[in-house]
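Each chain, written out:
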Amino acid sequence: MDPGYVDLWVNVEKKSVDILNKKGGDSSSVFTGGAPLESDVDGQLLINLSFTHAVKIHSFCFHAPEENGPKSIRLFVNTQVDFDGASQNPSAQDLVLTKENLSGTPVLTKFVKFQSVNTLTIFVVSNIGGTDCTRIDSIKIFGAPKDSFNMSELKKVEGHAH
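Fair warning: this is a prediction, and the values are worked out from it, not measured in the lab.

**Structural notes on the overall build of the protein chain**
When its secondary structure is counted, the protein chain shows 1 helix and 10 strands. For the protein chain, the proportion of its 162 residues judged to be buried stands at 44%. Only carbon and sulfur atoms are counted for the fraction: they give 52% of the accessible area of the protein chain, which is about 8,700 Å².

If you want it as structure tokens, here you go:
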């Protein structure tokens, strides 16, 4: 992992985290090493995140059991989708996870498509075991804040000759 990349959870607008088809209460702790995230009715999950400012996403790290960890994932950038849209619309990237990926081996993004991310939707299509319950113990998103220059932060320097 490039030392310039950090866990982007600090850049997520916590109140914006929305996880559909989850079992139980607060599942956003899957991003902080807390309680695992499990699907409820079937193996699909739809995870929506908004960032406090644009970020560049380099990679994801997943920890999940081999028997029902996520297998097929679709990533959507800067667009809101529901389950139908996530199944039918073009994604920024589709991932197929291996057992190695479920033990924390980083999954790289197509970096050029993840340069200015304000919102991210992670659609878990299916799990490795093909069961009705997908379980994710932790998700880490690595990248960097997008460098931005805010003109409103400029201050006039008094007495400075040009």
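**Considering unusual backbone geometry**
In this structure, asparagine 21 is a non-glycine residue whose phi angle is positive, near 65°. Relative to the elements of secondary structure, asparagine 21 occurs in the loop between β2 (18-20) and β3 (37-38). At asparagine 78, a residue that is not glycine, the phi angle is positive and equals roughly 55°. Mapped onto the fold, asparagine 78 is located in the loop between β5 (70-77) and α1 (83-88). Residue classification places asparagine 78 among the partly exposed residues on the basis of a relative accessible area of 40%.

**A closer look at the pairing of strand β4 (residues 45-63)**
Counted residue by residue, β4 has 14 buried out of 19 residues, so it is predominantly covered. Both β2 and β4 contribute to a ladder of 3 bridges, which runs antiparallel. Of the residues in β4, the one forming a bridge with isoleucine 19 is isoleucine 47. As paired strands, β4 and strand β8 (residues 117-127) are joined by 7 bridges and run antiparallel to one another. If you follow asparagine 48 over to β8, its bridge partner there is threonine 121. Bridge count between β4 and strand β10 (residues 138-145): 8 bridges; the pairing is antiparallel. Paired with histidine 63 across the bridge in β10 is serine 138.

**Things to note about the pairing of strand β6 (residues 93-96)**
By the alternation rule, side chains of β6 split into Gln93 and Leu95, which are all buried, and Asp94 and Val96, of which none is buried. In this sheet, β6 lies alongside β5 in antiparallel orientation, the contact comprising 4 bridges. When the sheet's bridge partners are listed, isoleucine 73 is paired in β6 with leucine 95.

**Some remarks on the packing of aromatic side chains**
Summed over the entire model, instances satisfying the criterion amount to 4 aromatic pairs. Residues phenylalanine 60 and phenylalanine 62 carry aromatic rings whose centres are separated by 6.1 Å and whose planes lie at 20° to one another, so their mutual orientation is stacked. Judged by relative accessible area, phenylalanine 60 falls into the buried class, the value being 1%. By relative accessible area, phenylalanine 62 is classed as buried at 1%. Taking 6.0 Å as the distance between ring centres and 75° as the angle between the ring planes, the aromatic pair formed by phenylalanine 83 and phenylalanine 123 counts as edge-to-face. Residue phenylalanine 83 is located in helix α1, and its partner phenylalanine 123 is located in strand β8; the two are separated by 40 residues in the primary sequence.

Cut-offs and rules
Residues numbered from 1 in each chain as written. Predicted model: local features only at pLDDT ≥ 70, side-chain atom pairs only at ≥ 80, totals over all residues. Heavy atoms only, no water. Helix = DSSP H or I, 4+ residues; strand = E, 2+ residues; numbered from the N terminus. Buried < 20%, exposed > 50% of the residue type's maximum accessible area, 1.4 Å probe, protein only. Areas by Shrake-Rupley, 256 points an atom, 1.4 Å probe, with all protein chains shown as cover. Pairing = 2+ DSSP bridges. Phe/Tyr/Trp six-rings, centres within 6.5 Å; stacked < 30°, edge-to-face > 60°.

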